[in-house]
Amino acid sequence: MTTLEAIDAAIAKANPASLGRTYLGGSQLGDECERKLWYSFFWAIENSFEPRTLRIFDRGHREEPSLIGYLEAAGIEVKDLDPKTKEQFAVSFAKGHGGGHFDGIMRGLPEAPDEWHIAEFKTSKNVRFKELIVKDSKTKKTRGVEVVKPVHFAQMQIYMHLADIKWAAYIVVNKDDDNLYFERVPYNETVALQLLAKADRIIGSDRPLPGISKDPSFFKCKWCDYQPVCQLEKPPAVNCRTCAHVSVEDKGKWSCAT
């Protein structure tokens, strides 16, 4: 075994395959395919990630303290822990079966000194970073998060709605050259309520919801982890959530009819 193989083996051992998170994440709701989200919530497959993918996730977490340090050095007030719980800020929705955690809140931005903002920190490879900053030929404005990263946009709308904060600050680090992207995102009640209704549909359905396509060759389906179960007739993983006798209850609880 080589050193690099040993590193990968250690990462894989520390992150074994699992059936997924126990709740429907606010960071997932912006995905356009409700069928995919249904399969995820009801644990249709066992998930596993390659060590390289796990390192990418870890890279994103490592950037957060650096960004907070830069913001504080610029005179911006940042709170990365909820003063009430002394833990990361958290929200809950969909009868307690949906949830999410945001990176913090901040105040004192030069663009709006008195406004509190949800803080959302991300990393991006160069090609996606450039998509954020390219300007529309008609409006002359950058394309921005709503167009380029609708999942991130939806995530912030959920957080703003549930935290009762009217702005979000979206900051992205370019992993290739350390350039930064900053965007103030306003709260959109219509979008937030649509997302919460979407979450209720997902947890409230006793069967898979319609997907974005029935064509297995459709490019978004070809790269989906759930395609084998969704389109290729592979049986779902066997567990309590895929059992016909399970029911979703209030306060994040489940019940079994057997």
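Quick notes on the rules
- Residues numbered from 1 in each chain as written.
- Predicted model: local features only at pLDDT ≥ 70, side-chain atom pairs only at ≥ 80, totals over all residues.
- Heavy atoms only, no water.
- Helix = DSSP H or I, 4+ residues; strand = E, 2+ residues; numbered from the N terminus.
- Expected span 1.5 Å × (residues − 1).
- Buried < 20%, exposed > 50% of the residue type's maximum accessible area, 1.4 Å probe, protein only.
- Arc of directions from axis to C-beta.
- Contact = heavy atoms within 4.5 Å.
- Polar contact = N/O pair within 3.5 Å; in protein donor to acceptor, adjacent residues only side chain to side chain.
- Phe/Tyr/Trp six-rings, centres within 6.5 Å; stacked < 30°, edge-to-face > 60°.
- Core = buried A, V, L, I, M, F, W, Y, C linked by side-chain atoms within 4.5 Å.
- Pairing = 2+ DSSP bridges.
- Axes fitted to C-alpha atoms, helices over the stretch in contact; angles between N-to-C directions.

> Is there a simple way to explain helix 7 (residues 189-204) in this structure?
Because an α-helix packs 3.6 residues into every turn, residues spaced three or four apart end up facing the same way. Helix length check: helix 7, at 16 residues, gives a terminal C-alpha distance of 22 Å against a target of 22 Å (1.5 Å per residue), a fit within 8%. Every buried residue belonging to helix 7 is among Val 191, Ala 192, Leu 195, Leu 196, Lys 198, Ala 199, Ile 202 and Ile 203, and all of these are buried. Projected down its long axis, helix 7 carries its buried residues within an arc of 155 degrees, all on one side. Considering only its buried residues, helix 7 is in contact with strand 1 (24-25), helix 2 (34-41), strand 3 (89-93), helix 6 (150-163) and strand 9 (246-248). Two or three places before Thr 190, at the start of helix 7, stands the capping residue Asn 188, its side-chain oxygen 3.1 Å from that residue's backbone nitrogen.

> When you look at the packing of aromatic side chains in this model, what are you seeing that I'm missing?
Here the distance between the centres and the angle between the planes together describe a pair of aromatic rings. Counting across every chain of the model gives 11 aromatic pairs. Here the aromatic rings of Tyr 170 and Tyr 181 are separated by 6.4 Å at their centres, their planes lie at 75 degrees, and the arrangement is edge-to-face. Note that Tyr 170 is positioned in strand 7 (residues 167-174) and Tyr 181 in strand 8 (residues 180-186), a separation of 11 residues in sequence. When its relative accessible area of 6% is taken as the criterion, Tyr 181 is described as buried. Judged by centre distance (5.1 Å) and plane angle (65 degrees), the ring pair of Phe 218 and Phe 219 falls under edge-to-face. Here the aromatic cluster, defined as three or more aromatic residues joined through ring pairs, consists of Trp 38, Tyr 39, Phe 41, Phe 42, Tyr 226 and Trp 254.

> Would you mind showing me how to read the nonpolar core here?
Grouped burial of nonpolar side chains is what soluble globular proteins tend to show. Formed by 45 residues in total, the largest nonpolar core has its most connected members in Leu 24, Leu 29, Ile 118, Tyr 170, Val 185 and Ile 202. In terms of residue count, helix 7 provides more of this core than any other element does, seven residues in total. Look past the residues within four positions of Leu 24 in its chain and what remains in contact with it is Leu 29, Leu 37, Phe 41, Phe 93, His 97, Gly 98, Gly 99, Ala 199, Ile 202 and Ile 203. Of all hydrophobic cores here, the second largest spans 12 residues; its members include Leu 67, Leu 71, Ile 76 and Val 78.

> Is there a simple way to explain the sheet that holds strand 1 in this structure?
What the three strands build is an open sheet, ordered 1-4-3; its pairing is mixed. A single partner strand is all that each edge strand has here, and the edge strands are strand 1 and strand 3. Looking at chain direction, strand 3 and strand 4 (residues 98-102) are connected through five bridges and run antiparallel. What sits directly across from Ser 92, in strand 4, is Gly 99.

> I tried to follow the environment of Arg 201 on my own but got confused; where do I start?
As for its placement among the helices and strands, Arg 201 is situated in helix 7. Using a relative accessible area of 39% as the deciding quantity, one classes Arg 201 as partly exposed. In this structure, the C-alpha to C-alpha distance between Arg 201 and Cys 221, residues 20 residues apart in sequence, is 21 Å. Beyond its immediate sequence surroundings of up to four residues, Arg 201 is in contact with Glu 34 and Leu 209.

> Before we go on, may I ask you to explain the sheet that holds strand 8 in this structure?
Think of a sheet as strands paired side by side through backbone hydrogen bonds, with each pair either parallel or antiparallel. Read across the sheet, five strands follow the order 2-5-6-7-8 without closing on themselves; strand pairing throughout is mixed. Here the strands that pair on one side only, and so sit at the sheet edges, are strand 2 (77-79) and strand 8. The mean inter-strand angle of the sheet, taken between neighbouring strand axes irrespective of direction, is 30 degrees. In the sheet, strand 6 (residues 117-124) pairs with strand 7 via seven bridges, with the strands oriented parallel. Residue pairing in the sheet places Ala 119 in a bridge with Ala 169 of strand 7. Relative to strand 6, helix 3 (residues 51-73) is tilted by about 130 degrees, and along the sheet it contacts strand 2, strand 5 (104-107), strand 6, strand 7 and strand 8.

> Would you mind going over unusual backbone geometry with me for this structure?
Excluding glycine, most residues fall at negative phi; most peptide bonds, likewise, are trans. For Lys 95, which is not a glycine, the phi torsion comes out positive at approximately 60 degrees. Mapped onto the secondary structure, Lys 95 falls in the loop between strand 3 and strand 4. Positive phi values are uncommon outside glycine, yet Lys 251 reaches one of about 60 degrees.

Worth remembering: the numbers are spatial, not functional.
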